[in-house]
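An overview of the molecular structure
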Amino acid sequence: MPRVEDAALLTGRGRYMDDCGTPPGTLHAAILRSPHAHALIERVEVERARALPGVAAVLTGADIQALTSSLVVGVKAPMECWPIAADRVRYVGEPVAVVVARDRYLAEDALDLIEIRYAPLPAVVAPRAALEPDAPVLHAGLQGNLASDRSFRYGDPEAAFAAAPHRIAVEIDYPRNACTPIETYGVVAEYEPGADAYDVLANFQGPFSIHAVIARALRVPGNRLRLRTPPDSGGSFGVKQGVFPYIVLIAAAARVAGRPVKWIEDRLEHLAASSVATNRATRLAAAVEADGRITALDWDQIEDCGAHLRAPEPATLYRMHGNMTGAYTVRHVAIRNRVVLTNKAPTGLNRGFGGPQVYFALERLVQRIALELRLDPLEVLRRNLVPASAMPYRTASGALLDSGDYRAALEAALAGGGHAELLARRDAARAEGRLYGIGYTAVVEPSVSNMGYISAVLTPAERQRAGPKNGAQATATINLDPVGSATVHVASTPQGQGHRTVLAQVVADELGLHPQDVRVVTEMDTAKDAWSIASGNYASRFAPAVAGVTKLAAERLRGRLARIAASQLNVATEDVVFAGGRIFARGNPDNALPFARVASASHWAPGTLPADMDQAVRETAYWTPPELTAPDEADAVNSSLCHGFIFDFCGVEVDRTTGQVRIDRYVTMHDCGRVLHPGMVAGQVTGGFAHALGAALFEEHSYGADGSFATGTFADYLVPTAMEVPEPVTLHHETPSPFTPLGAKGVGEGNCMSTPVCIANAVADALGLKDVTLPLLPARLAAHIHGPEAARPGGGAVPVAGGRQLFGEGSAMVAAPRERVWAMLLDPTTLAAVVPGAHDVQRVSETEFRAEVTLGVGPVKGRYRVALTLSDLDAPQAVTLSGGAEGALGFGRGTGRVTLAEDGPERTRIGYRYEAEIGGKVASIAGRLLDGAARLVIRQFFAALAAHAGGGSAPREGIFARLLRLLGWRR
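Residues numbered from 1 in each chain as written. Predicted model: local features only at pLDDT ≥ 70, side-chain atom pairs only at ≥ 80, totals over all residues. Heavy atoms only, no water.

**Section: the overall build of the protein chain**
What counts, and what does not: Starting at the N terminus, helices and strands are each numbered in turn, a helix being any DSSP run of H or I of at least four residues and a strand any DSSP run of E of at least two. Our radius of gyration is a C-alpha quantity, and the globule rule it is checked against amounts to 2.2 Å times the number of residues to the power 0.38. Whether a residue is buried, partly exposed or exposed follows from its accessible area with a 1.4 Å probe, protein chains only, as a fraction of its type maximum: under 20%, in between, or over 50%, in that order. In what follows, residue pairs with any heavy atoms lying within 4.5 Å of each other are defined as contacts. Positive charges are assigned to Lys and Arg, negative charges to Asp and Glu, while His and the chain termini are left out of the count. To locate a charge, the coordinates of NZ of Lys, CZ of Arg, CG of Asp or CD of Glu are taken.
Scanning the protein chain from terminus to terminus reveals 27 helices and 36 strands. Scaling as 2.2 N^0.38, a compact globule of 971 residues should have a C-alpha radius of gyration of about 30 Å, and the protein chain matches this with 32 Å. For the C-alpha atoms alone, the extent of the protein chain along its principal axes is close to 120 × 75 × 55 Å. Within the protein chain, the fraction of its 971 residues that count as buried is 59%. For the protein chain, contacts bridging at least 24 residues in sequence account for 77% of all contacts bridging at least 6. Between the centroid of the 95 positive side chains of the protein chain and the centroid of its 102 negative side chains there is a distance of 1 Å.

Below, the structure written as structure tokens:
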């Protein structure tokens, strides 16, 4: 069946967040963000911004804290989490002020007028380093950076390790990566002072447990926070759950401004400061028999959640807790989970959240076992897989694997995916001296999360005091209008899953209608619609839970309609048939009624209904699976209801010269239970594969050692396009779930878990490596092939403490005596005339100057406040210039030595050498351009100085020299 959604989307008629109308008088917000990873906020001056005509409000951290409460923190720890910084900033991109104005352009201009004085502090970015005793502390209440430390023990892992002939271990540093949906965050908030209530439109995906977090932060009861979603969402992959701090921020701004406020996140903000997947440091050891069977696992996981622990974190760490043994029969498990804070953007949900981090370690370990014991990796897989006869299978840590025949799926994949041919291609490639490898992976894909899994972060005693939390609830409502038309409404906002298509199919099948006769409404309104704290679109719950509960609602409504029709057809209820838009007697199809006539009876003739029936107008169904129980006293938890199975294998070739990875063939076998819509499933698998390919080969949120952010645009944060994504061979092996109404399991997240490690295993096989690090960048692999690259001559721009370090030197000839040039260097009027972009230069003392300048680098242009100090004066021969610049786009610090030498009568040669560091937004988004831009600005300054002094110019660079520079050569 063609997707119902596509006609509108493909013709530009989708209604996304920024397409929706706004209330009259709506204002627009812009957010000033920190250029520092860690710094005290010493002074905030907003008067100039507030005075700008058209600005309605300027809010700082103190203003927001006066109106709101701290966001709920996911663990019991003495720390607060605000949507804006107050006393200090803890990551590059953290909000420090909000401007509300008549339009976004004016709001952005006003940001340049806000002056903030920071006192930079040391920062920490690596999770293991954050645990060191001398590490900078982000939150004083913790007296360190460890927010949670829990250990778990299932079975007898110590005995298993003692008895095993082999202990084999891996150490993994899984990197951060982002979601980058085509649509960024958006919020329109309005405050109603008479009711002390908020009305918010946001492209929020849920879960609606966060509704309570937002209401608490805004200091209103839940019934005074109306949260609505637009009809369409341009992707999410989990990230739009993270919009909730901005809902609080913009709602508070609307309260102060006294009018509705709209904010749409730009792409630069999204990359730097939205929400990203956690990076995780893992040590994983296995007790292994001689034949490769794993008897025990010992996990040590350090989860880096960034600067703040925002709800529902540390969900990423605990979502997989029930199936830390993956697809394998391992009965003894030890786990240590630590949550740390670092000077990076806070983390949240990301497609497959928790799965990629777990399976990269586990499946790299399986390959290491095969390598060290000299076994075939496939045989190690086969010997450890959970057998079909054991289903449903209870894992050591509590998961209940609902169904599956993993070994049959594996063998079908090998046969259907051409494994024998791939082996032959590998052997032929290696015979020719090419670097070719094959990788394998087997993973269990969880779906329909148990909302109680996150409580495993608490001890049993703490859980008992807090009360039980468990289960998953899905909700669906079906309405029949007075002409008998059916409308479906579910508490799940789509981001590409095809809600309208699949749910129309499900209801049409039950009621005997054509899918086009059923309308599905996907907007969500918490003030009008049925929902619960577990509602929302996350954890691959659409097909198993949302479509499943829709089937239940349709079944109940069908039962009522069957009773109404039976009395009119004069047949038994069990003999009523629904098909083709008609309701008829099973033994006599001519004894029939139109569906619309029966469906509208409750509206037009309620007196004709059976005596014990009140209506057949609306049916709302709630579904809670009993298998999802709270964690027990031993900390075992069935963290998800359904568990699909994926077996992947691939052949890759690594270019011997460049290190580039080429995927020769990728085969992915899925058991997602009953397939409801084959085309939709194919789309989900392909999308998940593309997402995972980015994590494997391209994408990484990169930070400098001091927390400076280095991947602020798509020039540095690389995402795959259609040109880089090969088409995988997708196969299916169906074993319906006994726990869901339709037998369906999740399918959208699985390749995000399996593909990165499958490709990594293939690359490790190709290069003969024990350890590989994601992403598998050509430069990283070339180092394995060719050895470390020698440092390039001349330096240039490199990421270091403070952002990016810049070096340069040059000279200019001035047609003026040395004394006149010296005087000009100390004259503020001359400096105002020759400094590029200067608005004003003021002399504070004999050796201190202040200035305001506007400079542009690449795609950004901003206003900076500059402070300059002269030292080591050797008049009229040399002077050292030291200074710094601060602005909305970032900061700069540097020193330079300027020398003046006589070069004949009335001629002076000015020489200069400088070192500078640039940080903040400008370094994040214009890093590739900074070196050249700095050189250009400084050359412009001295050329202007030469011209102002009476003639002369900076030396010109020939075309050959420019070509060498573009190729990376520096003298």
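**As for the pattern of salt bridges**
Applicable threshold: The term salt bridge refers to a pairing of a side-chain nitrogen on Lys or Arg with a carboxyl oxygen on Asp or Glu at a separation within 4 Å.
Here the structure, examined in full by the defined rule, presents 58 salt bridges. The partner of E45 in a salt bridge is R43, with the nearest N and O atoms 2.6 Å apart. Between R913 and E809 there is a salt bridge whose closest N-O contact spans 3.0 Å. Here E809 lies in strand β30 (residues 803-814) and R913 lies in strand β36 (residues 908-919), a separation of 104 residues in the sequence. Owing to a relative accessible area of 55%, R913 belongs among the exposed residues under this scheme. It is possible to trace a salt-bridge network through shared partners that takes in E421, R425, E432, R434, E653, R662, D664 and R665.

**Some words on the sheet that holds strand β21 (residues 518-521)**
In sheet architecture, strand pairing relies on hydrogen bonds along the backbone and comes in two forms, parallel and antiparallel. For clarity, the cut-off: In this analysis, strands are considered paired if DSSP registers two or more bridges between them. Every angle, taken between N-to-C directions, lies between 0 and 180 degrees, and every axis is a line fitted to C-alpha atoms, over only the stretch in contact when it is a helix.
Read across the open sheet, the four strands follow the order β21-β20-β19-β25; overall the sheet is mixed. Where the open sheet ends on each side, the last strands, each with one partner, are β21 and β25 (618-623). Taken pair by pair, the neighbouring strands of this sheet meet at an average axis angle of 20 degrees, ignoring direction. With four bridges joining them, strand β20 (residues 486-490) and β21 adopt parallel strand pairing.

**Some thoughts on empty space enclosed by the protein**
Test applied: Lining residues are those with an atom within 4 Å of a point, where the points come from a 1 Å grid over the protein atoms alone and group into cavities, where a 1.4 Å probe fits but cannot get out, or pockets, open sets with protein on both sides within 12 Å along at least five of seven lines. Grid points are joined across faces, edges and corners, and a volume is the space filled by probe spheres set on the points. The nonpolar class holds Ala, Val, Leu, Ile, Met, Phe, Trp, Tyr, Cys and Pro. Asp, Glu, Lys and Arg form the charged class, and all remaining residues, Gly among them, are polar.
All told, the structure shown has six cavities of 30 Å³ or more when counted by the stated rule. Here the largest cavity is characterised by a volume of approximately 100 Å³. Lining of the largest cavity is provided by 16 residues; of these, Y174, N177, N350, R351 and P356 occupy positions nearest its centre. Counting only elements with at least two residues in the lining of the largest cavity, the list comes to α11 (355-373), α20 (678-697) and α21 (750-767). Split into classes, the residues belonging to the lining of the largest cavity amount to eight nonpolar, seven polar and one charged.

**Structural notes on the packing of aromatic side chains**
The cut-off we apply is this: Geometry of aromatic contacts follows a simple scheme: Phe, Tyr and Trp rings, the Trp one being its six-membered ring, pair when their centres are within 6.5 Å, and the pair is stacked under 30 degrees between planes, edge-to-face over 60, tilted otherwise.
Applying the stated criterion to the full structure yields 11 aromatic pairs. Taken together, a centroid distance of 4.2 Å and an interplanar angle of 10 degrees make the contact between Y406 and F645 stacked. Remark: F645 occurs in strand β26 (residues 640-654) and Y406 occurs in helix α13 (residues 406-416); sequence separation between them is 239 residues. Residue Y406 shares its accessibility class with F645, and that shared class is buried.

**Points about the environment of A49**
Along the chain, A49 turns up in helix α2 (residues 47-51). When the C-alpha atoms of A49 and E303 are compared, they prove to be 40 Å apart, with 254 residues separating the residues in sequence. Leave out the neighbours within four places in its chain, and A49 touches V55, V58, A110, L113 and I114.

**A few points about the confidence of the model for the protein chain**
Interpretation of this model should avoid reading the predicted coordinates in detail wherever pLDDT is low. This is how it is decided: The predictor reports its confidence for every residue as pLDDT, a score running from 0 up to 100.
Residues of the protein chain with pLDDT of at least 70 account for 95%, and the chain-wide mean is 91. Scored below 50 in pLDDT, residues 794-802 shows 26 contacts in the model against residues more than four places distant or in partner chains.

**Some details on the environment of D840**
Within the element layout of this structure, D840 appears in strand β31 (residues 838-845). Separated by 425 residues in sequence, D840 and A415 place their C-alpha atoms 74 Å apart. D840 has contacts with R850, A851 and E852, leaving out every residue within four places of it along the chain.

**Topic: the sheet that holds strand β6 (residues 115-120)**
Strand order in this open sheet of three strands is β4-β2-β6, and the pairing throughout is antiparallel. The open sheet has two edge strands, β4 (88-89) and β6, and neither has a second partner. Where strand β2 (residues 39-45) meets β6, six bridges bridge the pair, whose relative direction is antiparallel. Paired with V44 across the two strands is I116, which belongs to β6.

**Quick look at the pairing of β26**
Counting buried positions over the 15 residues of β26 gives 15, a clear majority of the element. Inspection of the sheet shows strand β18 (residues 435-449) paired to β26 by 14 bridges, in the antiparallel sense. Among the inter-strand pairings, P446 is bridged to a residue of β26, identified as H643. Pairing of β26 with strand β27 (residues 661-671) involves 10 bridges; the strand directions are antiparallel. Among the inter-strand pairings, V652 is bridged to a residue of β27, identified as I663. Hairpin geometry of β26 and β27 is characterised by an intervening segment of six residues between the two adjacent antiparallel strands and by a positive phi of about 85 degrees at G659.

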